[in-house]
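An overview of the molecular structure
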Amino acid sequence: MAAFDRYNDGSSNPPRLEVRHSLWSLIRLPMNSETEWTLDEKFSRVAAAGFEGVECWLDDESEREHREALDRHGLRLALGHHPHSLEDVKATLERAKRLDADYVFAQPLNPFVPLPEAAKFLREARKMAHDAGLCFFVETHRNNVPESLIQALQLLELIPELRFTGDFSHYVVISEFYGLAYERAIERMMPVLERTSHMHGRISNGEAVQVDVGDGSGQTAQFFVEIWTAAMREWRKGAGPGDVFPFASELGPPWYAITLPDGSEFSDRWEQSLVMKRLAEQAWEASAA
(Lines give C-alpha, C1' and ligand atoms only; values in the text may rest on other atoms or scores of the structure.)
Protein backbone atom coordinates (compact mmCIF):
# COMPACT_ATOMS: atom_id res chain seq x y z
CA MET A 1 0.00 0.00 0.00
CA ALA A 2 1.35 3.43 -0.90
CA ALA A 3 2.85 5.58 1.83
CA PHE A 4 0.15 8.23 1.46
CA ASP A 5 -2.94 6.02 1.46
CA ARG A 6 -3.43 6.95 5.12
CA TYR A 7 -2.65 10.08 7.10
CA ASN A 8 0.20 9.33 9.51
CA ASP A 9 1.09 11.61 12.42
CA GLY A 10 4.68 10.40 12.63
CA SER A 11 4.21 8.77 16.03
CA SER A 12 4.57 5.17 17.14
CA ASN A 13 1.01 5.13 18.46
CA PRO A 14 -1.37 2.37 17.35
CA PRO A 15 -3.87 3.25 14.60
CA ARG A 16 -6.52 5.58 15.95
CA LEU A 17 -9.58 7.66 15.17
CA GLU A 18 -9.22 11.45 15.22
CA VAL A 19 -12.46 13.46 15.23
CA ARG A 20 -12.38 16.95 13.78
CA HIS A 21 -14.90 19.67 12.98
CA SER A 22 -15.65 21.48 9.75
CA LEU A 23 -15.22 25.25 9.79
CA TRP A 24 -18.09 25.54 7.28
CA SER A 25 -20.35 23.80 9.77
CA LEU A 26 -19.78 26.61 12.28
CA ILE A 27 -21.28 29.28 10.01
CA ARG A 28 -24.38 30.99 11.45
CA LEU A 29 -24.01 29.50 14.91
CA PRO A 30 -25.45 29.67 17.48
CA MET A 31 -28.71 28.66 15.88
CA ASN A 32 -31.00 31.50 14.80
CA SER A 33 -28.96 34.10 16.67
CA GLU A 34 -28.43 37.64 15.41
CA THR A 35 -24.80 37.44 16.57
CA GLU A 36 -22.55 34.69 15.20
CA TRP A 37 -19.79 33.25 17.34
CA THR A 38 -16.40 34.82 16.69
CA LEU A 39 -13.64 32.63 15.27
CA ASP A 40 -12.13 32.27 18.74
CA GLU A 41 -15.51 31.35 20.24
CA LYS A 42 -15.98 28.71 17.56
CA PHE A 43 -12.56 27.17 18.05
CA SER A 44 -12.83 27.34 21.83
CA ARG A 45 -16.08 25.35 21.73
CA VAL A 46 -14.63 22.87 19.24
CA ALA A 47 -11.61 22.22 21.46
CA ALA A 48 -13.68 22.01 24.66
CA ALA A 49 -15.97 19.42 23.02
CA GLY A 50 -13.00 17.14 22.34
CA PHE A 51 -12.49 17.72 18.62
CA GLU A 52 -8.80 17.59 17.71
CA GLY A 53 -8.74 19.77 14.61
CA VAL A 54 -10.67 21.85 12.10
CA GLU A 55 -11.06 21.36 8.36
CA CYS A 56 -10.91 24.67 6.52
CA TRP A 57 -11.16 26.10 3.04
CA LEU A 58 -8.81 29.12 3.13
CA ASP A 59 -7.51 31.83 0.83
CA ASP A 60 -4.62 34.27 0.99
CA GLU A 61 -6.64 36.78 3.00
CA SER A 62 -7.94 34.33 5.62
CA GLU A 63 -5.10 31.87 6.12
CA ARG A 64 -3.06 33.77 8.74
CA GLU A 65 -6.07 34.60 10.94
CA HIS A 66 -7.20 30.98 10.97
CA ARG A 67 -3.75 29.50 11.52
CA GLU A 68 -3.19 31.79 14.51
CA ALA A 69 -6.63 30.99 15.97
CA LEU A 70 -6.05 27.25 15.58
CA ASP A 71 -2.72 27.59 17.38
CA ARG A 72 -4.32 29.53 20.24
CA HIS A 73 -6.75 26.67 20.84
CA GLY A 74 -4.39 23.77 20.19
CA LEU A 75 -6.24 22.53 17.11
CA ARG A 76 -4.82 20.86 14.01
CA LEU A 77 -5.57 21.87 10.42
CA ALA A 78 -6.63 20.10 7.24
CA LEU A 79 -7.38 21.87 3.96
CA GLY A 80 -10.20 21.32 1.49
CA HIS A 81 -10.48 22.74 -2.01
CA HIS A 82 -12.40 22.44 -5.29
CA PRO A 83 -9.69 22.26 -7.94
CA HIS A 84 -10.52 22.78 -11.59
CA SER A 85 -6.89 22.80 -12.72
CA LEU A 86 -3.54 21.48 -11.59
CA GLU A 87 -2.63 25.08 -10.76
CA ASP A 88 -5.46 25.03 -8.21
CA VAL A 89 -4.01 21.86 -6.71
CA LYS A 90 -0.51 23.37 -6.63
CA ALA A 91 -1.76 26.49 -4.82
CA THR A 92 -3.56 24.44 -2.16
CA LEU A 93 -0.57 22.15 -1.64
CA GLU A 94 1.67 25.18 -1.20
CA ARG A 95 -0.80 26.62 1.34
CA ALA A 96 -0.95 23.27 3.13
CA LYS A 97 2.84 23.17 3.48
CA ARG A 98 2.96 26.82 4.53
CA LEU A 99 0.32 26.33 7.22
CA ASP A 100 1.47 22.85 8.32
CA ALA A 101 -1.82 21.19 7.34
CA ASP A 102 -2.04 17.46 7.96
CA TYR A 103 -3.67 16.40 4.67
CA VAL A 104 -5.62 17.77 1.73
CA PHE A 105 -9.03 16.69 0.46
CA ALA A 106 -10.55 17.71 -2.85
CA GLN A 107 -13.87 18.09 -4.60
CA PRO A 108 -12.30 17.99 -8.07
CA LEU A 109 -13.51 19.18 -11.47
CA ASN A 110 -17.21 18.72 -12.28
CA PRO A 111 -19.26 15.59 -13.03
CA PHE A 112 -19.42 16.30 -16.77
CA VAL A 113 -15.67 15.88 -17.28
CA PRO A 114 -15.06 12.61 -19.21
CA LEU A 115 -13.74 10.01 -16.79
CA PRO A 116 -10.50 9.25 -18.70
CA GLU A 117 -9.69 12.97 -18.50
CA ALA A 118 -10.65 13.07 -14.82
CA ALA A 119 -8.51 10.02 -14.06
CA LYS A 120 -5.50 11.64 -15.73
CA PHE A 121 -6.07 14.80 -13.66
CA LEU A 122 -6.41 12.90 -10.39
CA ARG A 123 -3.38 10.75 -11.07
CA GLU A 124 -1.25 13.86 -11.53
CA ALA A 125 -2.83 15.68 -8.55
CA ARG A 126 -2.08 12.70 -6.30
CA LYS A 127 1.52 12.62 -7.50
CA MET A 128 1.93 16.33 -6.81
CA ALA A 129 0.57 15.90 -3.29
CA HIS A 130 2.66 12.84 -2.55
CA ASP A 131 5.78 14.56 -3.86
CA ALA A 132 4.99 17.33 -1.36
CA GLY A 133 4.63 14.77 1.44
CA LEU A 134 0.84 15.07 1.75
CA CYS A 135 -2.14 12.76 1.47
CA PHE A 136 -4.66 13.71 -1.23
CA PHE A 137 -8.17 12.38 -0.67
CA VAL A 138 -10.99 12.74 -3.22
CA GLU A 139 -14.40 13.49 -1.76
CA THR A 140 -17.51 11.51 -2.66
CA HIS A 141 -19.63 14.57 -3.33
CA ARG A 142 -22.24 15.89 -5.73
CA ASN A 143 -21.11 18.37 -8.39
CA ASN A 144 -17.60 16.96 -8.70
CA VAL A 145 -15.91 13.76 -9.84
CA PRO A 146 -17.11 11.32 -8.62
CA GLU A 147 -20.58 12.67 -7.87
CA SER A 148 -22.37 9.32 -7.66
CA LEU A 149 -21.63 5.77 -6.62
CA ILE A 150 -21.93 4.61 -10.23
CA GLN A 151 -19.42 7.24 -11.37
CA ALA A 152 -17.06 6.31 -8.52
CA LEU A 153 -17.11 2.64 -9.52
CA GLN A 154 -16.40 3.57 -13.13
CA LEU A 155 -13.58 5.89 -12.06
CA LEU A 156 -11.98 3.14 -9.97
CA GLU A 157 -11.67 0.99 -13.07
CA LEU A 158 -9.33 3.67 -14.43
CA ILE A 159 -7.53 4.67 -11.23
CA PRO A 160 -7.92 1.94 -8.59
CA GLU A 161 -5.28 3.52 -6.34
CA LEU A 162 -7.57 6.46 -5.51
CA ARG A 163 -8.25 7.18 -1.83
CA PHE A 164 -11.47 8.85 -0.74
CA THR A 165 -12.92 11.31 1.67
CA GLY A 166 -16.17 9.50 2.30
CA ASP A 167 -19.17 11.81 2.58
CA PHE A 168 -21.73 9.10 2.03
CA SER A 169 -24.74 11.35 2.59
CA HIS A 170 -24.36 12.25 -1.10
CA TYR A 171 -24.33 8.69 -2.38
CA VAL A 172 -27.18 7.64 -0.11
CA VAL A 173 -29.41 10.46 -1.34
CA ILE A 174 -28.47 9.98 -5.03
CA SER A 175 -29.04 6.21 -4.82
CA GLU A 176 -32.13 6.68 -2.61
CA PHE A 177 -30.81 4.15 -0.11
CA TYR A 178 -32.93 3.74 3.01
CA GLY A 179 -30.84 1.10 4.71
CA LEU A 180 -33.13 -1.76 3.68
CA ALA A 181 -31.55 -5.18 3.24
CA TYR A 182 -32.58 -5.66 -0.39
CA GLU A 183 -30.72 -2.46 -1.41
CA ARG A 184 -27.36 -4.10 -0.61
CA ALA A 185 -26.03 -0.57 -0.03
CA ILE A 186 -22.83 -1.47 1.80
CA GLU A 187 -22.06 -4.29 -0.62
CA ARG A 188 -22.52 -1.94 -3.57
CA MET A 189 -20.39 0.76 -1.93
CA MET A 190 -17.64 -1.61 -0.81
CA PRO A 191 -15.09 -0.73 -3.55
CA VAL A 192 -15.32 2.87 -2.30
CA LEU A 193 -15.48 1.98 1.40
CA GLU A 194 -12.33 -0.11 1.20
CA ARG A 195 -10.49 2.91 -0.26
CA THR A 196 -11.80 5.46 2.26
CA SER A 197 -9.12 7.07 4.44
CA HIS A 198 -11.02 10.11 5.70
CA MET A 199 -14.68 10.71 6.42
CA HIS A 200 -17.24 13.48 6.76
CA GLY A 201 -20.11 13.09 9.20
CA ARG A 202 -23.42 14.02 7.64
CA ILE A 203 -26.48 11.77 7.50
CA SER A 204 -29.08 11.46 4.74
CA ASN A 205 -32.40 9.66 5.02
CA GLY A 206 -32.30 8.75 1.32
CA GLU A 207 -34.30 11.83 0.32
CA ALA A 208 -32.72 14.87 2.00
CA VAL A 209 -28.93 15.10 2.14
CA GLN A 210 -28.86 16.33 5.76
CA VAL A 211 -31.36 15.38 8.44
CA ASP A 212 -31.58 15.74 12.21
CA VAL A 213 -31.08 12.32 13.79
CA GLY A 214 -31.99 13.19 17.37
CA ASP A 215 -29.78 11.26 19.76
CA GLY A 216 -28.51 9.00 16.96
CA SER A 217 -30.21 5.84 18.16
CA GLY A 218 -32.72 5.60 15.31
CA GLN A 219 -32.54 3.44 12.19
CA THR A 220 -31.38 6.24 9.86
CA ALA A 221 -28.38 7.15 12.00
CA GLN A 222 -27.50 3.55 12.75
CA PHE A 223 -27.53 2.73 9.03
CA PHE A 224 -24.77 5.30 8.64
CA VAL A 225 -22.92 3.85 11.61
CA GLU A 226 -22.92 0.55 9.71
CA ILE A 227 -21.51 2.27 6.61
CA TRP A 228 -18.85 4.08 8.62
CA THR A 229 -17.97 0.89 10.50
CA ALA A 230 -17.44 -1.00 7.25
CA ALA A 231 -15.12 1.71 5.91
CA MET A 232 -13.16 1.92 9.16
CA ARG A 233 -12.82 -1.85 9.34
CA GLU A 234 -11.34 -1.88 5.83
CA TRP A 235 -9.00 0.99 6.71
CA ARG A 236 -7.69 -0.90 9.75
CA LYS A 237 -6.42 -3.67 7.48
CA GLY A 238 -2.72 -2.96 7.09
CA ALA A 239 -2.80 0.21 9.23
CA GLY A 240 0.40 0.66 11.18
CA PRO A 241 1.99 2.81 13.89
CA GLY A 242 1.05 6.46 13.63
CA ASP A 243 -1.77 5.92 11.15
CA VAL A 244 -4.80 8.12 11.84
CA PHE A 245 -8.36 7.90 10.53
CA PRO A 246 -9.69 11.49 10.45
CA PHE A 247 -13.46 11.96 10.79
CA ALA A 248 -14.91 15.47 10.56
CA SER A 249 -18.38 16.46 11.70
CA GLU A 250 -19.69 18.42 8.72
CA LEU A 251 -23.26 19.69 8.96
CA GLY A 252 -23.86 22.49 6.53
CA PRO A 253 -25.78 25.72 7.14
CA PRO A 254 -28.74 26.57 4.88
CA TRP A 255 -29.17 25.52 2.05
CA TYR A 256 -27.91 22.20 3.37
CA ALA A 257 -29.77 22.66 6.62
CA ILE A 258 -33.53 22.39 6.23
CA THR A 259 -35.29 25.56 7.36
CA LEU A 260 -38.77 26.73 8.25
CA PRO A 261 -40.57 29.03 5.78
CA ASP A 262 -39.15 32.09 7.54
CA GLY A 263 -35.61 30.85 6.95
CA SER A 264 -34.91 29.85 10.53
CA GLU A 265 -33.30 26.52 11.39
CA PHE A 266 -35.11 24.00 13.56
CA SER A 267 -32.18 21.62 13.99
CA ASP A 268 -29.34 22.73 16.25
CA ARG A 269 -26.29 21.93 14.12
CA TRP A 270 -23.90 22.38 17.03
CA GLU A 271 -25.70 19.79 19.15
CA GLN A 272 -26.01 17.50 16.13
CA SER A 273 -22.26 17.81 15.49
CA LEU A 274 -21.72 16.33 18.94
CA VAL A 275 -24.00 13.44 17.96
CA MET A 276 -21.90 12.92 14.79
CA LYS A 277 -18.79 12.75 16.98
CA ARG A 278 -20.36 10.15 19.24
CA LEU A 279 -21.59 8.06 16.31
CA ALA A 280 -18.12 8.13 14.75
CA GLU A 281 -16.69 6.83 18.02
CA GLN A 282 -19.37 4.12 18.06
CA ALA A 283 -18.40 3.09 14.51
CA TRP A 284 -14.69 3.04 15.37
CA GLU A 285 -15.27 0.81 18.36
CA ALA A 286 -17.42 -1.52 16.28
CA SER A 287 -14.81 -1.65 13.51
CA ALA A 288 -12.33 -3.26 15.88
CA ALA A 289 -14.58 -6.30 16.34
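In case you missed it, the structure is sitting above this.
Please read these numbers as outputs of a predicted model, since none were measured by experiment.

**As for the overall build of the protein chain**
- Across its full length, the protein chain holds nine helices and nine strands.
- For the protein chain, whose C-alpha radius of gyration is 18 Å, the value lies close to the compact-globule estimate of 19 Å for 289 residues.
- Seen through its principal axes, the protein chain has C-alpha atoms that stretch 50 × 45 × 40 Å.
- Expressed as a percentage of its 289 residues, the buried residues of the protein chain come to 55%.
- In the protein chain, once contacts between residues fewer than 6 apart in sequence are set aside, the share between residues at least 24 apart is 78%.
- On the protein chain, roughly 12500 Å² of surface is accessible, and the fraction owed to carbon and sulfur atoms is 52%.

**Comments concerning helix H2 (residues 63-72)**
- Of all the residues in H2, the buried ones are Glu63, His66, Arg67, Ala69 and Leu70. Mapping the buried residues of H2 onto a view down its axis gives an arc of 165 degrees, with all of them on the same face. Every exposed residue of H2 that faces more than 90 degrees away from the buried side is listed here: Arg64, Asp71 and Arg72.
- In this structure, the buried side of H2 is in contact with helix H1 (39-48), strand S3 (53-56), strand S4 (76-81) and helix H3 (86-99).
- Gly74 occupies a position one or two residues after H2 and carries a positive phi of about 65 degrees.

**Observations regarding the state of the cysteines**
- Following the criterion strictly, the structure yields zero disulfides and no others.
- Summary of cysteine pairing: Cys56 is not part of a disulfide, and the nearest cysteine sulfur, belonging to Cys135, is at 18 Å.
- Judged by relative accessible area, Cys56 falls into the buried class, the value being 0%.
- What makes Cys135 buried here is its relative accessible area of 4%.

**Concerning the pairing of strand S8 (residues 196-201)**
- Within S8, six of the six residues are buried, which leaves the element mostly enclosed by the surrounding structure.
- Judged from the three bridges that link them, strand S7 (residues 164-166) and S8 form a sheet pairing that is parallel. Residue pairing in the sheet places Thr165 in a bridge with His198 of S8.
- Bridge analysis of S8 against strand S9 (residues 243-249) gives three bridges, and the strand direction is parallel. What sits directly across from Gly201, in S9, is Ser249.

**Some points on the pattern of salt bridges**
- With the rule as written, the count across this model stands at 23 salt bridges.
- With a shortest N-O distance of 2.6 Å, Arg76 and Asp102 are connected by a salt bridge. With a gap of 26 residues between them, Arg76 in strand S4 and Asp102 in the loop between H3 and strand S5 (104-106) connect regions that are remote in the sequence.
- Since its relative accessible area comes to 37%, Arg76 is described here as partly exposed.
- Residue classification places Asp102 among the buried positions, given a relative accessible area of 9%.
- When salt bridges with common partners are traced through the structure, they connect Asp9, Arg16, Glu18, Arg20, Glu52, Arg76 and Asp102 into a single cluster.

**Quick word on the nonpolar core**
- Formed by 79 residues in total, the largest nonpolar core has its most connected members in Phe136, Phe168, Ile203 and Trp228.
- In this structure Phe136 touches His81, Val89, Val104, Ala106, Leu122, Ala125, Arg126, Ala129, His130 and Arg163, once residues within four positions along its chain are discounted.
- Tyr7, Tyr103, Phe105 and Phe137 belong to the second largest nonpolar core, which has seven residues in total.

**Some words on a nonpolar patch on the surface**
- Nonpolar side chains collect at one region of the surface, where Tyr178, Leu180 and Tyr182 lie side by side and expose about 330 Å² of accessible area between them.
- Looking at where Tyr182 falls in the secondary structure, it is placed in the loop between helix H6 (168-175) and helix H7 (185-193).

**Quick look at the pairing of S9**
- Counting buried positions along S9 gives seven out of seven residues, so the element sits mostly inside the fold.
- Judged by which residues are buried, S9 turns out to be covered on both faces: Asp243, Phe245, Phe247 and Ser249 on one side and Val244, Pro246 and Ala248 on the other are all buried.
- Direction of pairing for strand S1 (residues 7-8) relative to S9: antiparallel, over a ladder of two bridges. Pairing of Tyr7 across the sheet is with Val244, part of S9.
- Direction of pairing for strand S2 (residues 16-22) relative to S9: parallel, over a ladder of six bridges. Bridge pairing in S9 places Val19 opposite Phe247.
- Handedness of the β-α-β unit built from S8, helix H8 (residues 219-236) and S9 comes out right-handed.

Rules used in this analysis
- Residues numbered from 1 in each chain as written.
- Predicted model: local features only at pLDDT ≥ 70, side-chain atom pairs only at ≥ 80, totals over all residues.
- Heavy atoms only, no water.
- Helix = DSSP H or I, 4+ residues; strand = E, 2+ residues; numbered from the N terminus.
- Rg over C-alpha atoms; globule rule 2.2 N^0.38 Å.
- Buried < 20%, exposed > 50% of the residue type's maximum accessible area, 1.4 Å probe, protein only.
- Contact = heavy atoms within 4.5 Å.
- Areas by Shrake-Rupley, 256 points an atom, 1.4 Å probe, with all protein chains shown as cover.
- Arc of directions from axis to C-beta.
- Disulfide = S-S within 2.5 Å.
- Pairing = 2+ DSSP bridges.
- Salt bridge = Lys/Arg side-chain N within 4 Å of Asp/Glu carboxyl O.
- Core = buried A, V, L, I, M, F, W, Y, C linked by side-chain atoms within 4.5 Å.
- Patch = residues over 30% accessible without salt bridge, like charges linked within 9 Å, V, L, I, M, F, W, Y side chains within 5 Å.
- Right-handed = clockwise from strand over helix to strand, strands pointing away.

Shape is all these values report; function is a separate question.
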